[in-house]
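Residue-level structural notes
Given next are the chains, with one letter for each unit.
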Amino acid sequence: RIILPISMPVLSMLGLFIFITTWNSFLWPLIITQSDAMRTLPVGLATLKESYKNLPNWPVLMAAATTSVLPVVLLFCVAQRQLIEGILM
């Protein structure tokens, strides 16, 4: 009744940072995964950029980057109040 309501902003900020770190992980999934179906979005974006021979298809690459950032932005908008309270504490 006492500890959890006080620590809720800090725990939500920690959860948001862990989610963003996991969502943006690049090196570990690049090393471990062998199939394209198991790769994370940053690894997929890098392989999408390298799949074109001379020049990358920038509109497709930017659309994929925008799509990959969208869940993080939506989560931030939902948890914005707790995030600011956690930083202020």
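Whatever comes next refers back to the structure up there.
This text gives an overview of the structure that appears in the document. (Residues numbered from 1 in each chain as written. Predicted model: local features only at pLDDT ≥ 70, side-chain atom pairs only at ≥ 80, totals over all residues. Heavy atoms only, no water.)

Digging into a nonpolar patch on the surface
Taken together, the side chains of Phe26, Leu27, Trp28, Leu30, Ile31 and Ile32 make up a nonpolar region of the molecular surface, amounting to roughly 640 Å² of accessible area. Along the chain, isoleucine 31 falls in helix 2 (residues 27-32). (Patch = residues over 30% accessible without salt bridge, like charges linked within 9 Å, V, L, I, M, F, W, Y side chains within 5 Å. Areas by Shrake-Rupley, 256 points an atom, 1.4 Å probe, with all protein chains shown as cover. Salt bridge = Lys/Arg side-chain N within 4 Å of Asp/Glu carboxyl O. Helix = DSSP H or I, 4+ residues; strand = E, 2+ residues; numbered from the N terminus.)

Section: the pattern of salt bridges
The tally for this structure, following the rule as stated, stands at 1 salt bridge. Residue aspartate 36 pairs with arginine 39 through a salt bridge whose shortest N-O separation is 2.8 Å. Note on aspartate 36: relative accessible area 64%, which makes it exposed. (Buried < 20%, exposed > 50% of the residue type's maximum accessible area, 1.4 Å probe, protein only.)

Quick word on the side chain of threonine 33
By the element assignment, threonine 33 lies in the loop between helix 2 and helix 3 (41-50). Classification of threonine 33 by relative accessible area gives buried; the value is 14%. Separated by 2.5 Å, the side chain of threonine 33 and the backbone oxygen of proline 29 make a polar contact. Polar contacts involving the side chain of threonine 33 include one to the side chain of arginine 39, which spans 3.4 Å. (Polar contact = N/O pair within 3.5 Å; in protein donor to acceptor, adjacent residues only side chain to side chain.)

Looking at the packing of helix 1 (residues 3-23) against helix 4 (residues 58-78)
Direction vectors running N to C along helix 1 and helix 4 enclose 180°, while the axes themselves pass 11 Å from each other. By the angle between their axes, helix 1 is roughly antiparallel relative to helix 4. Of helix 4, the residues touching helix 1 (which contributes Leu16, Phe19, Ile20 and Trp23) are Ser68, Pro71, Val72, Leu75 and Phe76. Class assignment of the residues belonging to the contact of helix 1 with helix 4 gives a composition of 8 nonpolar, 1 polar and no charged. (Axes fitted to C-alpha atoms, helices over the stretch in contact; angles between N-to-C directions. Parallel < 35°, antiparallel > 145°, perpendicular 65-115°, else oblique. Contact = heavy atoms within 4.5 Å. Nonpolar A, V, L, I, M, F, W, Y, C, P; charged D, E, K, R; others polar.)

Note that all results are geometric; they support no functional claim without further evidence.
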